[in-house]
Every structure is written in structure tokens, then in C-alpha cells.
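# Structural characterization, general
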Amino acid sequence: MSFQSTLGEGEGIADELAENQRQISIAEFFEKNKHMLGFDSGARGLVTAVKEAVDNALDATEEAGVLPDIYVEITEVGDYYRLVIEDNGPGITKEQLPKVFGKLLYGSRFHAREQSRGQQGIGISAAVLYSQLTSGQPAKITSRPKGQEEAQYFELIIDTDENEPEISVDETTTWDRPHGTRIELEMEVNMRARNQLHDYIKHTAVVNPHARIELREPGLDEPLKFERATDQLPAETEEIRPHPHGVELGTLIKMLGATDSYSVSGFMQEEFTRVGKKTADSVLDNFRDRHFGREMAWSPPEAHDDADVARAVQSAVSNKGKEATAAFADGVADTVSNNEHLTRFELRAIVDNVADGVEEDTGRTFGATVRENATAAAWEAISGASADGEADDERLIPDLYALTDEATSTRKDDADVEALAEALAYRFADLDDDRFRLNRDDLDRLVADAAAFVAEQREATFGETARENVADALWARMRTVPDETPNVGSVAEDRDAAAELLEAMRETDILAPPTDCLAPITEELVEAGLRKEFDADFYAAATRDAEVHGGDPFIVEAGIAYGGEIPADGTAQVMRFANRVPLVYQRGACATTDVVKRIGWRNYGLDQPGGSGIPKGPAVIMVHVASTNVPFTSESKDALANIPEIEDEIELAIREAARELKSFLNKRRSMQKRREKQDVLGRILPEMADKVAEVTGRSRPDIDGALARIMNNVSVEREIDDGTVTLRVENYSDTNEDLEVTEIVSAEPTDASDGTVVDMDGEWFLQWKPTVAAGEEATLTYAVSDDADFDVSVDGVETEKLTVNA
């Protein structure tokens, strides 16, 4: 019999079950789920441990403003491997060091909205945990903060029951580094993932061209050294507040409960980035539209009928004297007639303004009750709505017909449009609120109900688009009310109000978050990183402008290297990065890979069998996503989640770089065809000249320059006449050419025309930089002794478009 089958037979079962329940520490959880952090095998475990330690080292050095100098060493120790990582960072204080390496979910970056490699405080402590699980050995850590004479040395393990460091050795020591941190881990791993390890180190060097990295490992005759390509550190980042477009309801309610602000406007400006007074007012207006609804504005009576308003106001006022009452009524009627449309709250403002003026002029007091009575009377004259909730729908039809007619298709029958206006008028008049207040959802339902009624009565169809257009027209006529919004405490306690505020924030146009929280590599350094590690014929890079996902700003960069020493067989190499960290594993589960696969690479000159998938050929495609909160698919941070906004930017960045590749390949193919044609003509023309001479019996034609004219080339010919040398540059192409012509002469030249002369150890260099228009020529001259030797070179034009007869 199973334990579960006996649960209902005795008393106190719940108490017995409760005794077996206890809190699980995060360290204990990951002790049993280490695969979630990337330690699912001995091969991958080594790569992950190196990655976490190197990422920490890069972050630490950059935060301290130090150019990273990182040393990685792997050695065999019996059945285990010893991993040592050293950096020249600022070091870690004695108090913090055990927590940084011996406590999971301990760090300084989780709540910081700025770009960093690590965020959760799991990585390096997870490597310590994996080390002690597989080898039983403690982590050995040495750290020397800058300015201290001695280093601190610890040996520790993680107490997984408590998620706390357990220190076995705590002492000072000497260390030859002036500052930095060293960690030594012994673990049961293997070198089967050597290629992935090398890829991680190499790719790290590509996107961190300011870093120097050295790797020593078993089997290497010489250490792998990656020198820095620049002394330029990444731009410093600054923490930002959350952006209104990225907050979820639960988070917003929590923020509302924690803020010191009393008003929602103050809360918005204090707690969010990119929200000033003007933006906060826009959010509050949208909030009012949802919380209170908008009021419908109606057309006042025509000018000749404004007496209706005056009479209505007069009848609502008593005991104020004939003169004051008439002045008040006429003033309200005149002001009303000057407005094209009015809401009830706008009418009340008119009544208050006129009353204040009449009071000042006559000394008669118009109190709140008189003003409200006058407003109600005037409103009934304008809209037909009375305070008892009844309204004259006939009074509303003209306005609704005009709006409906303008919003619907010209193909709609006029009678159908009029029927819809009447149905709308009936429903507006039937509202309980004489102010005609509706939020957008209620307005949409009112329009849909009226359209359904007309469709049933007249078999006239007002489809979804027509209904939406009518609702849009009505909503545009309606006005945001000036009612005082609830305070922060009230909104925090009312989930519906908080949800309305959240929607108001999301629909308000707000500037994207500032990007000083991000440190993109930049186009220049993306290309420099590729040049440093790949010997290619072509390089291109693109850095996109910042975009926002979930309130977090992000920037996507892409780079392409092509040709040269990059292997031509097989598929192109795709390098994925997030916050300057290579993503080595789970390539097939990554959004970057998905985007690369769906791009039509044939359009950019690369082979792509089947029209989809990773292209083939000698190419490296790199993508870097920098964000304050990178959306990874798992805790191991191996792949980007498929977020549409990020995928769109990845595609745009890749295409931007790929367009440059397309131009390069098109030009290269064109030059190849030109070269082949030129080679053919170079063989045929001499034979033709010989044949012409033979047939005509005349001397062989001078074919010098003919090839240039046929090929639309730039021709450079040298003529020497009695010590005067002339370089004749003729441009047979259809574009202007900016050239740099250099003549190397073995004897000292004189009288150089518009050129510079430099003596270099017995050789003289003459240089001209002429601009030769299409179809024109330039003449470059100088004088020299007859026994001189000459050698000319021309830059600024492709070799295939150049013919030199000199």
C-alpha cells in the first residue's frame, strides 16, 4: 500500500506533511540543477567556468578604468584539471571577497539598469560550487586592492544549506601584481570542448579589442595570446531609472506603494526616466480618459438661436436683480455662441467666468448653487440633457450625423448614415450621466450596438472598419475632463486604477530611454576587432540607434568579414554576443541564429542552398546586442530569446553591413570580368597589329594606348624628350578620377610641375595628386639627366582600370 493511499486514514496528516516542508536555499537548488547554469557536462563545465571568470575580470577592470590584462591557465592535476584566472582589476575588499565567490545571487548589478556582463550574481559562485561538487576542493582566491601592500588569500566552499561561504583559510600574502584578483579552481572536467573554449577566448578578443588575453592549456606548444587593438576603453555607463513603457502591473503597484510622492504626477517624474512635467501631464490626461471617461462636446445653438440659452439661464436665476440677471444670462449666451463645440465642464467654466465678471461689476453674488443651476439650464438648451437624466435625442442627431457622414465611406447610402446617427443619438440620450461621459471601451460598445441595430432594421452593413472610424471620430470630438486624479495611495490600493495608469503610460508617446546606460562597441572597433582576429579581404560594420524592449534600451551591432584566409568550404561562421560576451552554446536556440537563417543571403552575393539557412562561403557574421537587461532563454545565458523588437534590429543591422558586402562582391566580380576581357584584348591586339601590317604592307600600327581607350581605362604613358620627362595621364572612363601618381627616379629631378620631390637614400620620389575629369588628360613634367632610371606607380584607381605604358 502506498503512502498516498493512507493519507486520509489518520488525524494530523497535514501537521505531519508540514513537518517535512522546509525552505530550499538557492545554492542547494543549483547544487541539484547545475545544468541550468551551463555545468551539464565535464566538457562544457570547463568552458562555462572560464567564461564566468573572464567576464567578471573584464567587468571589474573596465569599471576601474583599467585596460584588461587577463591570464587563463589550465593544467592537469591527476584526474582533475586546475583552472587559474588572473586579472589586473581593482581587487576585492576582504569583507566582500567571500560573499562574491561563496554566495549565489550576491552582486551589485541585478537592480542596476545599465549594461554589464553579469547581472544575477550567480556566475563565478556557480563555478565555485561546481568545483567543490566535482573535486571536493575549496576555491583558492587571492585579491589585492589597489593601494594595499599585501594581498588577501582565502580558501572557501559554499555551504549549500545556507547559501553562505564557509572559509577554511583566511590570511594575508604577497603577490607580484600591484592590484587584481586571482581564482584557482580544481574540478572534474575534460578538454573535449577545446574548440568551444578557443572560440570563446577568440571571440571575446574580437568584441573586447581593448583587452589583452593569454591562454595556456595542456597540449599547446605556445600560449594563445590575443593582443589589444586599441587603448580605448568602452564608454562609461550610467544607471537609469525604469522606462514607463517597460513596467508590468505588479511592479507598478509595488512602486506606487514604495514611493514618497503623493501625486501621480510627482511619482511619474521621480520614479521614471524620460518623464518631465509635460510628459507626466500627457500620461495623466490618458489616465483621466480611462478612469473618468471623456465628455462629448456638442454644437451650441446657431447665433440667431442663442436666445434659448439666455432664456434658460434667466429662468434658473432668482433674486439677483433684473440687471445682474440679464447681464449674467446674456454673457453666458454670447460666450457660448462663440464656441464651435462645448462639453458640460467647459460650459461650467464659462458660467464661472461670466459670474465672476458680473459679481465684480454689480456687486451681486452668484453662489455655487446658482452657478450649477445656470449650467444645468444652459446645458439642456445646448444638448437637450436635463439633470434628471433624460435627454432630447433629436437635439443630438445633427452633430452625430455630421461626424458619422465624415467618418464613413462615400459609398454608404445617406439614409443608412442618418439611421446610424439616430441610433447613436438615442443611445447617447439614454446615458445615465447628463455629461455624456464615456471611456473608449464603452464608446466602442455604444457604436457597435448602434451599428448592429441599424444592420438589423435596414440590412445596412457597418463593418469593423466603419465602426472603428465612427468611434475614432466621436472620440476625437470628446474632451479629456479636468477632474483631479486619485493620489498615489489610492491608485496603489485599487488594482483597476493601477491598470488604467499602466495603460495610460504605455499609450503615451515618451522618448526612448537615454543610452548612456549602454556601451556599444561602435562600428570602428567592431571592424578593428574583426581585422585583428581574421585575415580577410573585406570588412564592414554597422551600429544601430538605440531601441526599447520592455522598458530596457538596447543597441544592436553587426559586422561581416569576407574572403582572405577565412575557410571557403562549409557554412559561414556566426558569432553571437550579448553585452560583449560570446554566446558559445545553444546556437540553434538563439534569436540571432534564427535571424541569420531567414535573411536571403543570395541577394547579398553569398551562396544559400534552398534560399534559407546559414549561408555558405568564406564569411564571418557577428552580431552584438547591448542592453541593460538581455533577454536570455535560460540562466546559463547561452542564447537570446525571440523578442520581435530585438530580432527586427538584428536583421536591420546585418542587412546594413551586408549591403556593403554586396557592393564589394559586385565590384569584385565586375573587376574580374574586366580583367578577363583585358587579358583577351592584350593577346589579340598585338596579333591584329601584326596582321594589319602584313596585309597592308605598311609599318606595324602603334597600339600603345589603344587598350586603355577600348577598356575605358586610365592610361599613363611616359615620354622623354631631351631630358624632359612627361607623364601623360588620360582618363577614358566616364567618371572623374582622383589619382596619386608617384615617380621614383634614380637621378635628382628638377623643374617638377606642381609636384613634390623627396630624396630617399639616393632615390627621388616625385608625387602628384591630379584630378582628371572624364575624357580629359593631365600632363606631369619634370627634367632629369638622360641616364636616369624610372618607375611609376598610380594609386586611387583599381588595377583593372589602369593601363600603364611607362
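Residues numbered from 1 in each chain as written. Predicted model: local features only at pLDDT ≥ 70, side-chain atom pairs only at ≥ 80, totals over all residues. Heavy atoms only, no water.

### With respect to the sheet that holds strand S18 (residues 724-731)
How we decide: Any two strands with at least two DSSP-identified bridges between them are counted as paired. Helix and strand labels come from DSSP, where a helix needs a run of H or I of at least four residues and a strand needs a run of E of at least two; each type is numbered from the N terminus. In this analysis, axes come from line fits to C-alpha atoms, helices being fitted only over the stretch in contact, and the angle between any two N-to-C directions falls in the range 0 to 180 degrees.
The strand order S24-S18-S17-S26 describes an open sheet built from 4 strands, whose pairing is mixed. Every interior strand has two partners, whereas the edge strands, strand S24 (777-783) and strand S26 (802-805), have only one. Between one strand and the next, the sheet's axes are offset by a mean angle of 15°, whatever the strand orientation.

### Some thoughts on the nonpolar core
The line we're drawing: The set of buried Ala, Val, Leu, Ile, Met, Phe, Trp, Tyr and Cys residues whose side-chain atoms join them within 4.5 Å is what this entry labels a nonpolar core. Type-normalised accessible area, obtained with a 1.4 Å probe on protein chains alone, sets the label of each residue: buried when under 20%, exposed when over 50%, and partly exposed for intermediate values.
Judged by nonpolar contacts, the single largest core of 60 residues is most densely connected at Phe 328, Leu 400, Phe 428 and Leu 474. For this core, the elements supplying multiple residues, two or more each, are helix H10 (307-316), helix H11 (322-337), helix H12 (344-362), helix H13 (368-383), helix H14 (393-407), helix H15 (414-429), helix H16 (440-458) and helix H17 (464-477). Looking at this core, the element that brings in the most residues is H15, giving 8 residues. Judged by nonpolar contacts, the second largest core, of 45 residues, contains Val 50, Val 54, Leu 185 and Ala 211.

### A closer look at the environment of Ser 612
If you trace the backbone, Ser 612 turns up in the loop between helix H21 (591-598) and strand S16 (619-627). Using a relative accessible area of 47% as the deciding quantity, one classes Ser 612 as partly exposed. With 13 residues separating them in the primary sequence, Ser 612 and Ile 599 have C-alpha atoms 7.0 Å apart.

### Structural notes on the packing of aromatic side chains
Quick reminder of the rule: Only Phe, Tyr and Trp rings take part, Trp by its six-membered ring, and two of them pair if their centres are within 6.5 Å. Stacked means planes under 30 degrees apart, edge-to-face means over 60, and tilted covers everything else. Only when the NZ atom of a Lys or the CZ atom of an Arg is both within 6 Å of the ring centre and within 35 degrees of the ring normal do we say a charge sits over the ring.
Overall, the coordinates contain 9 aromatic pairs when judged by the stated rule. Among the aromatic side chains, those forming a connected cluster through ring pairs are Trp 298, Trp 379, Phe 428 and Phe 436. Cation over ring: Arg 44 sits above Tyr 585, and NZ or CZ is 4.5 Å from the ring centre. Its end group placed over the ring of Phe 534, Lys 202 keeps NZ or CZ at 4.3 Å from the ring centre.

### Topic: the packing of helix H8 (residues 264-271) against helix H9 (residues 277-291)
The line we're drawing: Here roughly perpendicular refers to angles of 65 to 115 degrees, roughly parallel to angles under 35, roughly antiparallel to angles over 145, and oblique to all remaining angles. The handedness criterion is simple: a crossing whose near helix is rotated anticlockwise from the far helix by less than a right angle is left-handed, and one whose near helix is rotated clockwise is right-handed. We call two residues in contact whenever any of their non-hydrogen atoms come within 4.5 Å of each other.
Orientation of H8 relative to H9, taken along the N-to-C sense of each, is 130°, at an axis distance of 9 Å. In terms of their interaxial angle, H8 and H9 are classed as oblique. For the pair H8 and H9, the crossing hand works out as right-handed. Of H9, the residues touching H8 (which contributes Val 264, Ser 265, Met 268 and Gln 269) are Lys 277, Ala 280, Asp 281, Val 283 and Leu 284.

So far we have only geometry, and geometry alone does not tell us how the molecule works.
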